[in-house]
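For reference, the chains in residue letters:
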Amino acid sequence: MARKLAKNRAKLVCSLVIQRPRVFYGAMSMRRPFLLVLDIGLLCVATVFAFILRENFELSVTRSLEFGPYLLATTIASLIAFSITGVNRTIWRFCSGPDYLRVMTAVGAVVVGAVALTFAWNRLEGTPRSLPFIQLIFGVALLIGARAIHKISHDVQQHRRAFGAFLQPASPSQQITLLVVGISKLTELYLQAVAELAPGRIRVAGLIGSTDRHVGRLVASHPVIGDTDELESILDDLKVHGVTINRIVVVLPFHSLGDSERETLLRIERSRSIVLQFLVQDLGFNFGKPVLVSKSGGAAWSQRTSNLGLQNVSFHIPPETLEKIARRRYWKIKRFVDFFIALSAILVLSPILLVLAACVAASVGFPVLFWQQRPGLGGRPLRLYKFRTMKAAYSPDGERLSDAERVSRLGSLMRRLRFDEFPQLFNVIRGDMAIVGPRPLLHWEQTEAQSARLLVRPGLTGWAQVVGGRDISSNDKAALDVWYVQHASMHLDIKIALRTILVMVFGEKISAGDIEKAWSDLGENGIVRRPAVAKIQALLGWVNV
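Residues numbered from 1 in each chain as written. Predicted model: local features only at pLDDT ≥ 70, side-chain atom pairs only at ≥ 80, totals over all residues. Heavy atoms only, no water.

Chemist: Before we go on, may I ask you to explain the nonpolar core in this structure?
Modeler: Side chains of a nonpolar character, in soluble globular proteins, are inclined to be buried together. Membership of the largest hydrophobic core comes to 39 residues, with the highest contact counts inside it found for Phe315, Ile317, Trp463, Leu480 and Tyr484. Of all elements in the fold, only helix H11 (330–364), strand S8 (381–387), helix H14 (424–430), strand S9 (434–436), helix H15 (463–467), helix H16 (474–487), helix H17 (490–506) and helix H18 (512–524) reach the threshold of two or more residues within this core. If one sorts the elements of this core by residue count, H16 sits on top with seven residues. The contacts of tryptophan 463, once residues within four sequence positions are left out, are Leu480, Trp483, Tyr484, Leu492, Lys495, Ile496, Arg499 and Asp514. Of all hydrophobic cores here, the second largest spans 27 residues; its members include Leu42, Phe51, Tyr70 and Tyr100. (Core = buried A, V, L, I, M, F, W, Y, C linked by side-chain atoms within 4.5 Å. Buried < 20%, exposed > 50% of the residue type's maximum accessible area, 1.4 Å probe, protein only. Helix = DSSP H or I, 4+ residues; strand = E, 2+ residues; numbered from the N terminus. Contact = heavy atoms within 4.5 Å.)

In structure tokens form, the structure reads like this:
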């Protein structure tokens, strides 16, 4: 009995192994004729349009009948030429230069074949001699254009998918920010793979070229920001701007790098806890001496985020509450109000802005503006601009300066009065920010647990700034921001704007009552569950203040 069952099971497995390829190839064989018919149809359309254009849009029944044999010959020739060249076997969204060249060759063969068949039939009687040339131009344009449009539409969908994860902000636990060292065909393929396979999880801060002749140019929409000799200074500059690199991906073979480039990369890995990844080696194409890559960077990053203490609470707005928030009428006019206020403020304050820019230039030098990359609406990165209040991060001797040494007296005053935030009015005009909203955090401060605060545009000022300021915990700031998202209105925005003026004049003051009310409201609505330990820590924090 057992032998019989085993025999039947073996027959079943064999039948499945045999039948599944048939299903697969059957589906594939059904797809290819469709694409073949589509290509033939597109070429016939191009041929008809070429004929109409040749006749100067003046058609007659006689001329159309004379054109018929040539159109039929085109159909027959395209069926043969397209089948031989295999243009219908290419996946359109992955078409590249060689595929487009194959299409051009196939269309050229069709035109030659159509002329030959028509000549054999009626010596091209009634067929204009310029028609094949016009047909060739329109045929190539239509077939390549259709493939290009399909590829572009697919790339656009991938781009939207990469930035459309509405509540998937840039958090250290999920997003990896990296630099790509080397420019080659592998670089382009890697960037395409990142865009398609890891949208929102891997962010390419820029590319590092081998020489400075590529600096400032783009590869797959990513900028080349320097060469390998400047790699360490580039990392320092990015860190100043709020961009922390977790990984460096080297797309060049290790043996092709110079001695100084190898030493620089390995020194960065050892001293900065950045993961160094050699893509050629990972793909198995490095047939020389293997390169060891440590994984210490991830551990250091995890330790850093845990030390920040940002994982105590999480915020989740229920779908029904989200729907109510989204249908609020205020959102329809808030963007217009923000734009009008920002534009008016720039016009009115333009003399003050010019004076401040001159003072900044005299105090800390050029450039007068400083930018940082921070997560904005839906976690999409935005460049937040401020007036510079600090000198360069390094002294002329190359020694790193502390923040206290870098801040100028003018910078301290501008921070106290919030004047350094004025350039963000241009962010408001661009639509990156609002006048009132949650203040944008640095990437390593913004966690997925607090992603609800990214439902609205970040603001120049917010409820957390006028209620607690800089001295309250990150959890309290997140609770106040999420509370604002839930209760945003014209009345609340005006209240925040007026209290911002008081903060600028009299300084920050913690309002424990407003903070506790925010926690209470969020808890009652099921948006947050706050551990008792976090409450005790917050209360102790208020006592210490």
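Chemist: Is there a simple way to think about the packing of helix H6 (residues 231–240) against helix H7 (residues 259–272) in this case?
Modeler: For any two helices packed against each other, the geometry is given by the interaxial angle and the distance between the axes. It is at 10 Å that the axes of H6 and H7 come closest, and there the two elements cross at 35°. Along the contact surface, H6 presents Leu231, Glu232, Leu235 and Asp236, while H7 presents Thr264, Leu265, Arg267, Ile268 and Arg272. (Axes fitted to C-alpha atoms, helices over the stretch in contact; angles between N-to-C directions.)

Chemist: So what exactly am I meant to see when it comes to the pairing of strand S5 (residues 247–250) here?
Modeler: Of the pairings in the sheet, the one linking strand S1 (residues 176–181) to S5 comprises four bridges and is parallel in character. Each residue of the ladder has a partner; that of leucine 179, found in S5, is isoleucine 248. Viewed along the sheet, the connection from S5 through H7 into strand S6 (residues 275–278) turns out right-handed. (Pairing = 2+ DSSP bridges. Right-handed = clockwise from strand over helix to strand, strands pointing away.)

Chemist: What's the story with the confidence of the model for the protein in this structure? I'm lost.
Modeler: Detail in the predicted coordinates should be disregarded across regions flagged by low pLDDT. Taken residue by residue, the protein gives an average pLDDT of 80. The fraction at 70 or more is 83%. The secondary-structure element of the protein with the lowest mean pLDDT is helix H9 (residues 296–308), recorded at 36, while S9 shows the highest, at 95. Overall, residues 165–173 carries pLDDT values under 50, and its contacts beyond four positions in sequence, including any with other chains, amount to 30 contacts. Considering only residues more than four positions removed or in separate chains, one finds that residues 288–311, a stretch of pLDDT under 50, has 37 contacts. (pLDDT = per-residue confidence, 0-100.)

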